[in-house]
Structures are given as structure tokens and as C-alpha cells.
Amino acid sequence: MARVFNHQLGRVMSYWFPENRPERQFAAVFDTNKCIACQTCSLACKTTWTSGRGQEYMLWNNVETKPYGFYPIGWDARLLEALGPQAWKDGVYEGRTIFEAAPAGERLIGFAPEELDYAHPNLGEDESAAAVDKGAHLIAGRANAWMFYAARICNHCTYPACLASCPRGSIYKRREDGIVLIDQGRCRGYQECVRGCPYKKTFFNPVTRTSEKCIACFPKIERGLQPQCFANCIGKIRSQGWVSTPDAAREDNPIDYLVHVRKVALPLYPQFGLEPNVYYVPPVHVPAPFLVQMFGPGAPAAIETYRSAAHDRTLAGLFTLFGCTESTIARFAVRGDTAIAWGNDGEELVRVPVREPVTIRAPWDESLAVPRWNIP
Amino acid sequence: MRTVLGTRSKIPLRFWPPIHPHRRRCSSLTYVRVCSLLAPCRRGASAARIRKTIFSRVLAAFALSAAVSCAKKAPPPPPPPVTEVQAGAVPDRAPLDGLDAAWDAAPEMAVPLLAQDVVEPKQAVAGTPTIGVRALIDGGRVVFRLEWTDGTEDREVGLGRFSDAVAVQLPVAAGGDVPSAQMGEPDKPVRISLWKAAWQDRPADVGAEQAGRHPNAAIDHYPFAAAADPAVREAMEVRYAPARAAGNPVTVMAPLPGPPPGHGGPPPPPPGFAVQDAVARGFGTLTALPQPASEGHGVRRGERWIVTIAIPLAAAPEEAPARGRRTYAAFAVWDGSARNVGARKLRTNWVPLVLPP
Ligand code: SF4
Ligand code: SF4
């Protein structure tokens, strides 16, 4: 195994191939606080990519309710249990990654889901972490019972476990954008990637008898457009762009700004050691221990920063740009009350007001003699 | 009594059988029964005589028992061990049926199976210890008959479900200069013929197969199902099966409708066709040939698989398998229930393969 640097762990770690970062890396930020679990993203993906035979059960994009939702069942809980203690100290991970915890003769520690583990994609939907008894409440920020929605796609990891576990080298990471793909002409259906990916984002097609995975809508990415699950998101929780390494972070790159500068968006289970490139704004109402387990030790600080967005024009402006354009936002700025986004080639994409103008009308319309509804 | 005996030989009692002190009569108390049996006391016999009689009779008894036991345990002369796969020539077509009587005449070599423990993912445990290999050669093919124990029958491929399988590996170049037995080397390729139970038993109608496995599954629609023109429908269906559209040779063996002309590589082989030919130049390099030339068939007998794989003889004498050449073969076995697939397998070393002229 090679020694590589994983900036999410704050240390070097073992991986099956030497560090080889792409020219630019596909990345995304999901704001979990805004997701309403409408599954429009899942359907947008489904109808675009997985409506063939053998793909019936596949959800390259899925949305599950945490803590009791899983697709497939127990995907994270089973691995967390197998991995052993996952301690952090001063931002450095002290436990073992899935590569470092590999049993003898294996490339990593993983597990192979059964067919029926995929049969309940809505398992645990809307179930809260505790009973909501009389007098209890589910109000954000003061909840004594909680749940939240985790929208998940392939993380197009910097150190992909799917790629490392394929004995045929059928999986590759594209130099131009870091998207991880399975060579559909070369895969022989060994299902090692299904066993290996801790996020369970490779899928076995029992009809073609090969494996398939989220392709980040690369035909759209190549044209400067965001993937289908981003463009169709009702909650405007998502933004796709490019992430740099921390030392090369740019303040005007929206992903860099949220991930490296403000540290308000965090990786999903960084302790697995894959350096996943989909970053999450953690839900503000969830107890810190659960968030630290899921998003790493930066979760409490990320929530503080997120709460300050109401008084932070740049942060608020950037979140306002989410979902306002189908194009990939490569650069942004907030000038006065306006947030501006530019595309990959420097072209201006969109301008939006940081605060939408609000007019409050009198509740009674004198001229028509009817009551009025004020709709925000 | 002991006082009477006190006058007898000075030699301690434990070394010599007690002899009658007055050489006249035996005492059942002093002349122990075993000695009485061996040398019944005769009046007047001298002590030396009695000792001699006992000695010679004990000796004879030993000699006799040794002779008897030797006669019992002596193994029959061992048959010469089968240390190479000697292909027997048959005038007609060598049978693909592994139970055909023609196989009885072919000597079977028991080849030890080893766990693949060189590259990750490794196979941790060696399951079945040996694979029995026989071979017959006819006008154009060498047919291997491979028999091994596998208590679980795995004839399907699915999510987390793997097929039983077996493979024959030959060097591409004929002769004794063979590459690594583990998938060959970059400049010394090997050819591999792989049989899978799931290929032999692939369902003719994939829709019915899926419905049978998941009777309660509801499928809204397939986009291609709406196309009225069958050619258009099939062309669309291939587009919705990405590996098929990419011409992946594995999908040729999958339960899919054949591609319309101009789409997705070679047409699927006929139902029941179960062998794929491939070339490898080291670990992870297995590359299926576009058109399989070998064929094979597997049957179950009790807890055992009996699989035949027929490989066409090479046209050129410098390629294997060629008539009249001594070369090598290696074998591999996958047990689906043990999640054996790809690198997780049992394999053999090279064994000599002799093909008659
Ligand atoms: S999330 Fe899984 S499938 Fe996607 S790149 Fe990472 S390891 Fe591979
Ligand atoms: S479309 Fe957006 S809001 Fe709806 S479930 Fe998907 S991520 Fe959540």
C-alpha cells in the first residue's frame, strides 16, 4: 500500500495507489437543513439513468431519514461497528480507516449487502430518534426528539474504495474532473466494488451481470451543467462545483469557501478514509455526538457558523445562489445586496438578491372587499 | 512352598521360568501355567531341555505370528501414480457428456487445489482438496473432464450470489517454457476457457426470471416497452443496458435479448452455451475473446460437479494445444456458496499435459 495525504483526516494514511489528484475535482455541498425528502432528486436520477432491466432496485441518488433510514439496510451502522473506535484528537483522526483495518488477504474492510437489504429504500422514513411523547416537540433547535434527511449520491472520492477493491482495474477516476466510473466494457461482475464502497453507491445489475454506479451526469458536467439531482432539487439544497486541496483553496470558489474557508460543510463519514467530495451542512437540531460520528469533529463549529449566516452577507448570499442556476458555479461574489455566480468559463450565470424583497399587504382588500393571504 | 523352591536355580525368578526343582514333577504353583502350556512337563526332562523347548517354541510362535501379520498387511503392488494428464485418442467425437462410458478408459489425475493467496482479494480457505482431470483428444479438439466435490449447487448469479465455475488454463505457446501458473505473464500469455453453471442455466426469458424471484415487485414501465417496432424496441433496450451497449463479453452470456444488427458486439450464443474463452497476461488482465471457440457442459453426480470443456486444437504447431506436443495445463475452481468469484478461487499449479500425435 502507498502512503497518501488525506486532508479530511489531517494525516497520511495507507491506500492501494499513490496520491494522484485530478486536474480538478467534482464536488458538491448539500445543505441538510433544507431537504424536505421529496425524492425529486431520486426520481430525476431514476428516470434519467436507471430505468432499464436489472436497474429496478437501484437508486444512485437516494434520500434516507437519519437515524433509522438506510439504503441498503445498515450500510453505515454495520461498517461503523466493524471499524472499531473512531477517535479524533485536535482535528486528526486517530482510528483506522477502512483500508488500514483491512483483514489479512483483503484490500479493505467492507461487507456485501444481500438482495433484500435494498428492498426498503424508505425504511425508517420520518421516524424520530426518540418517542415524541405528550409535551415533547420537534421544533428545530430545541428538539428532544430529532431526525433529518440525508440525500446521498456517489462521493466521487479522492481515494475511492470501489476503485481500490476491483481486482481487474475496471474502475477509474477521470483526470479532467475526478469523476469515478466503472468501465462498462471491462467489468466482469465480481461485485468487489459493491462490497468495498462504504457508501454502497455501486450497484450490481443482475441482468447484465455487471456493476454500475452514479456517473455524476458526466455528459452534463462536460457541458458545464449540474447533474440532474442538483438541477431538479425542490429544496435548493445542492450546489455542484469544484473543490481544491486546503492549501490551494480560493475564497471566490463556492465549494472552497464553504468547505475550507468557513468550514460549514463537512464530509460524510470522513473516518472511512476515502476523502469523499460531497460535503454536508450538518442539521442544526441534531445532538453533537451523532453529528461528530457522521460528519467528523468539525460539526459543532459548522452549526455555529451556519446559524450566523443570517447576519453574514457572504454566507447568506452564497446559500441563496443554491438552485438558482442549472450551470456549474465555478466562482461567486456578493456585492452589496446581490450575489453573483460565474460559470466554468467565467461567464456570468445569475444574479440574485441576498434578501428577497418582502411586501406585507393589509389583510383586507378594501376595493374588492375580500380578505388577502400573504404568501412568503 | 517358597522354601522348597529356594533350592532351585539361582537365577532370579523374573528372568527364567521356574523349573521343577527335582526334575520329577511339575507344580502348578511354581511352574507357571504359561510354561506348562509351552513345554508340558515330562518326567525326567532336564531343566536345560525344558528351557530349550520353551525357547524354540516361543521363537517359532513369534516367527509364525510375524509371518501371518506380514501376509495380512502387505499392500498390493501400488499402481503407478498418475502424474500427468495423458489425453487418450478417440476415433470419433470425444463426448461432452461427462458420464459417457468413453471416459472410463481415460486415466484420472488428482491435481491438488491450492487457495489463491498471492494477490488481494485472496481466498482464505482451500475447500475441496483436489480436482480429478481426464482428457480425450479427437480429430479437432481436446476435451477435458473435470470432477470435483462441491456440496452446494450454485447455478445462479445475482446480487451477492455467485455461480460455481471451473477453468482450464493453457499456455498460448506450445512447449515446456510456461509462464507463471497464475494468469500468465505480460510477454507470455495464457489462454483460459471458463465454464460457469450460471451460463449453462441462464434463463431464456429474463423478465419471467425476475418476476419469479420477486413476485411482489411492481415495475412502472420500461421506456423501451412502449416502442411498437420490435427492432426499435430492442435497440432501445440495449441502450438501457450500458454494459451490453458497450459490447461487454460478460453480457453476451447474460440473459438478455440479442442486440439488433449494428448494436452492442457479438450476438449471444445459443441457450446452454456455457464456456467463455479468454486470454490473460498477468493478474487482472483477463480479456474475453470476441467469439468463444470452446464449449462445455456440466452435470451433477451426488455432491460432485463433472464438467467437460472442449478446446479446439491449435492450427499452428507452435500454439497450444497442438497434437503430439507435451505441454502444461492448470485448473481453477470457484464455489459460489463460498462467495468465490474472480480472484477468490482455488487453483492448481501447472501439470504436464500429453497430447498424442
Ligand atoms: S462513494 Fe463509493 S462508489 Fe463513489 S467513488 Fe466513493 S467508493 Fe466509489
Ligand atoms: S430533491 Fe432536494 S429537497 Fe427533494 S429530497 Fe432531493 S435533495 Fe431533498
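Counting starts from 1 at the beginning of each chain's written sequence and moves along it residue by residue. Labels follow written order: the first chain is A, the first ligand is 1, and so on. For this predicted model, a pLDDT threshold of at least 70 governs which residues receive local features, and a threshold of 80 or more governs which side-chain atom pairs are given and counted, while totals over whole chains, interfaces and linings are taken from all residues. Hydrogens are left out, water is left out, and the side-chain values use all remaining heavy atoms of the structure.

A few words now on the domain arrangement of chain B. Residue and element names in this part refer to chain B. Annotation of chain B at the domain level lists domain 1 (2-73), domain 2 (85-202 + 268-354) and domain 3 (210-266). Where each domain starts and ends follows an automatic or database-derived domain assignment. The C-alpha-based centres of domain 2 and domain 3 are spaced at 30 Å. With 13 residues of domain 2 at the interface, the matching set in domain 3 holds 11 residues. Surface buried jointly by domain 2 and domain 3 totals about 900 Å² across both partners, of which 64% is contributed by carbon and sulfur atoms. For salt bridges, the criterion is a side-chain nitrogen of Lys or Arg within 4 Å of an Asp or Glu carboxyl oxygen. Here domain 2 and domain 3 share 1 salt bridge between them. With a shortest N-O distance of 3.6 Å, arginine 213 and glutamate 156 are connected by a salt bridge. Distance and chemistry together define a polar contact, namely a pair of N or O atoms within 3.5 Å, with one atom able to donate a hydrogen and the other to accept it when in protein, and with adjacent residues in sequence counting only for side-chain atoms on both sides. Here domain 2 and domain 3 share 1 residue pair in polar contact (both at pLDDT 80 or more) between them. Throughout, a residue-residue contact means that at least one pair of heavy atoms, one from each residue, lies within 4.5 Å. Values labelled buried area give the accessible surface lost by two parts on being combined, using a 1.4 Å probe and summing over both.

As a further point, take the sheet that holds strand β16 (residues 338-342) of chain A. Residue and element names in this part refer to chain A. What the 3 strands build is an open sheet, ordered β15-β16-β17; its pairing is antiparallel. Bordering the open sheet on either side are β15 (331-335) and β17 (348-353), each of which pairs with just one other strand. The mean angle between the axes of side-by-side strands here comes to 15°, regardless of whether they run parallel or antiparallel. When DSSP finds at least two bridges between two strands, those strands are taken to pair. Helix and strand labels come from DSSP, where a helix needs a run of H or I of at least four residues and a strand needs a run of E of at least two; each type is numbered from the N terminus. Bridging between β15 and β16 involves 5 bridges; their strand directions are antiparallel. What sits directly across from arginine 335, in β16, is threonine 338. Each axis is a line fitted through C-alpha atoms, taken for helices only over the stretch in contact, and angles between the N-to-C directions span 0 to 180 degrees. Here helix α10 (residues 313-321) sits on the sheet in contact with β15, β16 and β17, set at roughly 125° to β15.

The environment of ligand 2 is formed by 14 residues, the closest being Cys35, Cys38, Gln39, Cys41 and Cys233 of chain A. Three classes are used: nonpolar for Ala, Val, Leu, Ile, Met, Phe, Trp, Tyr, Cys and Pro, charged for Asp, Glu, Lys and Arg, and polar for all others, with Gly counted as polar. Here the residues of the shell around ligand 2 are counted per class, giving 10 nonpolar, 3 polar and 1 charged. We call a residue near a molecule or strand when any one of its heavy atoms sits within 4 Å of it.

What follows deals with the interface of chain B and chain A. The partner chain A presents 35 residues to the 46 residues of chain B that form the contact. When chain B packs against chain A, close to 3600 Å² is buried across both sides, 53% of that on carbon and sulfur atoms. Across the chain B-chain A interface, the total number found is 5 salt bridges. Glutamate 106 of chain A is the partner of arginine 344 of chain B in a salt bridge, and the nearest nitrogen-oxygen pair spans 2.7 Å. Viewed at the interface, chain A and chain B are joined by 16 residue pairs in polar contact (both at pLDDT 80 or more). Elements represented by at least two residues in the side of chain B that touches chain A include exactly α4 (197-200), α5 (206-213), α7 (242-245) and α8 (249-252) of chain B. If one sorts the elements of the side of chain B that touches chain A by residue count, α5 of chain B sits on top with 4 residues. Grouping the constituent residues of the side of chain B that touches chain A by class yields 27 nonpolar, 11 polar and 8 charged.

Residues and elements named next belong to chain B. Residues are said to line a cavity or pocket when one of their atoms sits within 4 Å of a point; the points come from a 1 Å grid over protein atoms alone, cavities being sets where a 1.4 Å probe fits but cannot get out and pockets being open sets with protein on both sides within 12 Å along at least five of seven lines. Grid points are joined across faces, edges and corners, and a volume is the space filled by probe spheres set on the points. By volume, the second largest pocket is sized at about 630 Å³. When residues of the lining of the second largest pocket are traced back to their parent elements, those giving at least two are β7 (165-171), β8 (190-196) and β13 (326-334). Partitioned by chemical class, the residues of the lining of the second largest pocket number 23 nonpolar, 9 polar and 8 charged.

This next bit is on the site of ligand 1. Around ligand 1, a shell composed of 14 residues is seen, among which Cys154, Asn155, Cys157, Cys162 and Cys197 of chain A lie nearest. Partitioning the shell around ligand 1 into residue classes produces 9 nonpolar, 3 polar and 2 charged.

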